[in-house]
Amino acid sequence: MSVPLASAFPLTGTLDQLKKQNAEWARRMEERYPGFFAWTSKAQHPRVLWIGCSDSRVPESVIMNCFPGQIFTHRNIAGIVKLDDPNSMSVITYAVAELGVEHIVVVGHTNCGGAAVCLAEDAHDKMHAFNPQKAAHEYAPKDARETVTWPPPAPLDTWLADLRALAESLPEPRSVLELVKANVREQVLNVINSDVVRSHWYTPTGKGHLKGVHGWLYQLDNGLIQDLECSVYASSPHPFPHGHPLSESVHEA
Amino acid sequence: MSDCNHTVPPETLQQLLSRNRQWAEENSGLFPQASQTPPVLWIGCSDSRVPESVVTQSSPGQIFTTRTIANVVKPTLWPEHLFDEDSPSEGVDTNSDSAIFFPVAALGVHHIVVVGHTRCGGVAACVPDGRDEEGKARAFNAVKSDCSAKDPVEERLYDQLPRTMQKWLKPVRDLVDRLPSDTRVEEVIVQNVLEQVRTVARSTVVQKCWFEDGRGCLESIHGWEYDVESGELKDLGFSITKETPREEYLQVPLSA
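Keep in mind it's a predicted model, so treat the numbers as computed, not measured. (Residues numbered from 1 in each chain as written. Chains lettered and ligands numbered in written order. Predicted model: local features only at pLDDT ≥ 70, side-chain atom pairs only at ≥ 80, totals over all residues. Heavy atoms only, no water.)

1. As for the overall build of chain A
In step 1: When helices and strands are counted, chain A shows nine helices and six strands.
In step 2: Scored against the burial criterion, the 253 residues of chain A give a buried share of 60%.
In step 3: Summing over all exposed atoms, chain A offers an accessible surface of approximately 10,000 Å²; the carbon and sulfur share of this is 56%. (Helix = DSSP H or I, 4+ residues; strand = E, 2+ residues; numbered from the N terminus. Buried < 20%, exposed > 50% of the residue type's maximum accessible area, 1.4 Å probe, protein only. Areas by Shrake-Rupley, 256 points an atom, 1.4 Å probe, with all protein chains shown as cover.)

Quick look at the structure:
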C-alpha cells in the first residue's frame, strides 16, 4: 500500500491538518488490516536501522514503502554518527544489541544543505542545496536564513566540523554529490567501529543479529535509492583491524 | 502486481529496495523535489512503530524530523546561567541541538511537536524494578532467560543499560526520581514529553527567536503522544508559545 500523498495544505491550521490526517489513517489502517495495531503494539521487530538526514524530503518509511514497525530510525543533520555522541550511539546500541536488527543502512541524499555548507562557492551543485529565498542576501533581520558559506552558526559549526574536514580532504573539483557519498562511506565505517557492532562481530559474546552495514544515496530528482556498494558484512574482514590507527574513525575527537 | 502484504517485513535488502522503486514509480509526480520549506519540526522516538510521515499521511517535504531514543533532546539552554552545573545529565548534545537550531533559524518552521508514544522501552527502562511491573512488561518484548550469549536482550533496568544509553537517558532517569514513587510507566512517558517541550522552549535558538535578535518564525511548541495500540496521535494539551510566561518553564528542573 503506497502512502497516499497529502494534498498541499495551508500553513494556518497545519497541526490540525496533521491530526485529521492521522485520525483518517488510523481508521483506514484498522479497516484494511484488522489487528495490525494490536499486533505491532505488543512489540517492535524492526529488521532494519535507518540512519539518515532530518531533511523533510527523506522520510524513510514513506520512500521505502514500509509499515510502522519495520524501520528503526535515527535522523539528524546530514545523517552523521560519532563514536563520542551518546545520541546516535544509543540508537545503534539499542537497535543492534536489544532489538536485534539485521541491517543498518546509512542514507545520504542529494542536495544536502549540511554537506553544501562545507564546500567552497565554486562547487558546481552547491546552490541547489539551498532554498533561494532563505539563502538570499536581502532579508529582514529575523528571517530564517540558511548559511551558504562556512562556517555556519553554532552549533552547526561543531556538528559539521568532521564533514568539513572530509570535504577539504576530497580531490578537486569538489561537489555536494561527491561529499555526500564520501560522508555515507565514512559513516558506515563509524557504525562498524562502534562498540556494539565491534563487540557483536568480533567477540564471542557481543549481542545481536546484525548481518551488514550499508551505504545508500537517496536521489531527490527521481525518488530512487542508489546502493553505494560500500557494504560491510559480519563475514567481511574488518576493513581496519582493531589497533590499527585507522580502526577509529579518522575524525574522532 | 497484487498489493503484496506489506505488513510482512521485507526479508532482504533487495526486497526493501524494490519497494522503493515501486514507490518512486507510483509517485513520479513528486519529482524532482524542490527545496524544502517544512512548516513543522517533529521530535520523536526512534521506535520503528512511529514513522511521522506515515502516521500523518504527509508527503515528503512537510515534516523536518529528528528521532532519538525516548524522544529526548539536549539543546543549548538559555539563559546559560540557569544551567545546573551539578547535573551531568544537562550536558548539551550537539546532535539534537543542531537538529533543533537548523529548522528554526535556517528553515523557519512554524511549529515544533514533541511526540512520545505508549509502550516506550527507553522510558520504561528508567522506571525502577518493583514499580509498575505490568507497565514495564508492556514496553518490552524480550525474555531474559534462555538467551544465548549473542541473542539481543532488551535491558529493563537502567543500571544494566550500556553506559552510552545510561548517559543518553539520564534526564528521563532524573525525571523519574522527581516524580512520585508510584508513577506508572505510561505517566512517565507523558511527563517526559512535557519535559522535552519545556527543554525545547528553553533552548537558545527558541528564546532568541522569541525574545532577542534570533532568526526564525516559530509560533509554538506542542506535546503529543502516539498510541501504538490504535495508531492515533493525541494532543496532550500542553503548548508553549512566545506568550507563555517564561517563569512557567524557565526553571532548573531540580528546583521543582
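Next, the rest of the story.
2. Section: the UniProt feature "binding site: Zn(2+)" (unreviewed entry) in chain B
All names here are of chain B.
In step 1: As annotated in UniProt, the feature "binding site: Zn(2+)" (unreviewed entry) corresponds to C45, D47, H117 and C120 in the numbering used here. Spatial clustering of the annotated residues is evident: they stretch over 76 residues in sequence, but the largest pairwise C-alpha distance comes to 8.7 Å.
In step 2: Mapped onto the elements, C45 comes out in strand β1 (residues 40–45).
In step 3: C45 gets classed as buried once you look at its relative accessible area, which sits at 7%.
In step 4: Given a relative accessible area of 2%, D47 falls into the buried group.
In step 5: A polar atom in the side chain of D47 sits 2.8 Å from the backbone nitrogen of R49. (UniProt positions renumbered as here; feature names shortened; annotations may be inferred. Polar contact = N/O pair within 3.5 Å; in protein donor to acceptor, adjacent residues only side chain to side chain.)

3. A word on the nonpolar core
In step 1: Judged by nonpolar contacts, the single largest core of 106 residues is most densely connected at A:I92, A:I104, A:L160 and B:L169.
In step 2: Once residues lying within four places of it in the same chain are set aside, the contact partners of B:L169 are B:I69, B:A70, B:G122, B:C126, B:Y158 and B:L161.
In step 3: A:V58, A:I63, A:W216 and B:L17 belong to the second largest nonpolar core, which has 42 residues in total. (Core = buried A, V, L, I, M, F, W, Y, C linked by side-chain atoms within 4.5 Å. Contact = heavy atoms within 4.5 Å.)

4. Describing the packing of helix α6 (residues 163–178) of chain B against helix α7 (residues 185–202) of chain B
All names here are of chain B.
In step 1: At a minimum axis separation of 10 Å, α6 and α7 run at an interaxial angle of 115°. Along this stretch, α6 crosses α7, giving a crossing that reads as right-handed. Along the contact surface, α6 presents V172, L175, V176 and R178, while α7 presents V188, Q191, N192 and E195.
In step 2: The class makeup of the residues in the contact of α6 with α7 is four nonpolar, two polar and two charged. (Axes fitted to C-alpha atoms, helices over the stretch in contact; angles between N-to-C directions. Left-handed = near helix turned anticlockwise from the far one by under 90°. Nonpolar A, V, L, I, M, F, W, Y, C, P; charged D, E, K, R; others polar.)

5. Section: the UniProt feature "binding site: Zn(2+)" (unreviewed entry) in chain A
Residue and element names in this part refer to chain A.
In step 1: Look at the UniProt record and you will see "binding site: Zn(2+)" (unreviewed entry) annotated at C53, D55, H109 and C112. The named residues occupy 60 residues along the chain; their greatest pairwise C-alpha distance, 8.9 Å, places them in one compact cluster.
In step 2: In this fold, C53 is placed in strand β1 (residues 48–53).
In step 3: On the basis of relative accessible area, C53 is assigned to the buried category, the value being 7%.
In step 4: Within the secondary structure, H109 sits in strand β3 (residues 103–109).
In step 5: Setting aside residues up to four positions removed in sequence, H109 forms contacts with C53, D55, R57, V58, V180, L217, Y218 and L220.

6. Things to note about the pattern of salt bridges
In step 1: Taken as a whole and judged by the stated rule, the model has 19 salt bridges over all chains.
In step 2: Connected through shared salt-bridge partners, A:E60, A:R75, B:E52 and B:R67 make up one network. (Salt bridge = Lys/Arg side-chain N within 4 Å of Asp/Glu carboxyl O.)

7. Brief notes about the environment of B:L157
Residues and elements named next belong to chain B.
In step 1: Among the structural elements, L157 can be located in the loop between α5 (133–139) and α6.
In step 2: With 29 residues separating them along the chain, L157 and P128 place their C-alpha atoms 6.7 Å apart.
In step 3: Excluding anything up to four places from it in sequence, L157 contacts A125, D129 and K136.

8. Brief notes about the interface of chain A and chain B
In step 1: Counting residues at the interface gives 107 residues for chain A, matched by 106 residues for chain B.
In step 2: Note on chain A versus chain B: buried area summed over both sides is about 9,000 Å², and carbon and sulfur give 57% of it.
In step 3: At the junction of chain A and chain B, the tally comes to three salt bridges.
In step 4: Joining chain A to chain B, the criterion identifies 51 residue pairs in polar contact (both at pLDDT 80 or more).
In step 5: Counting residues per element, the side of chain A that touches chain B draws most heavily on helix α4 (residues 86–99) of chain A, which supplies twelve residues.
In step 6: Its residues placed into classes, the side of chain A that touches chain B shows 53 nonpolar, 35 polar and 19 charged. (Buried area = accessible area lost by both parts, 1.4 Å probe.)

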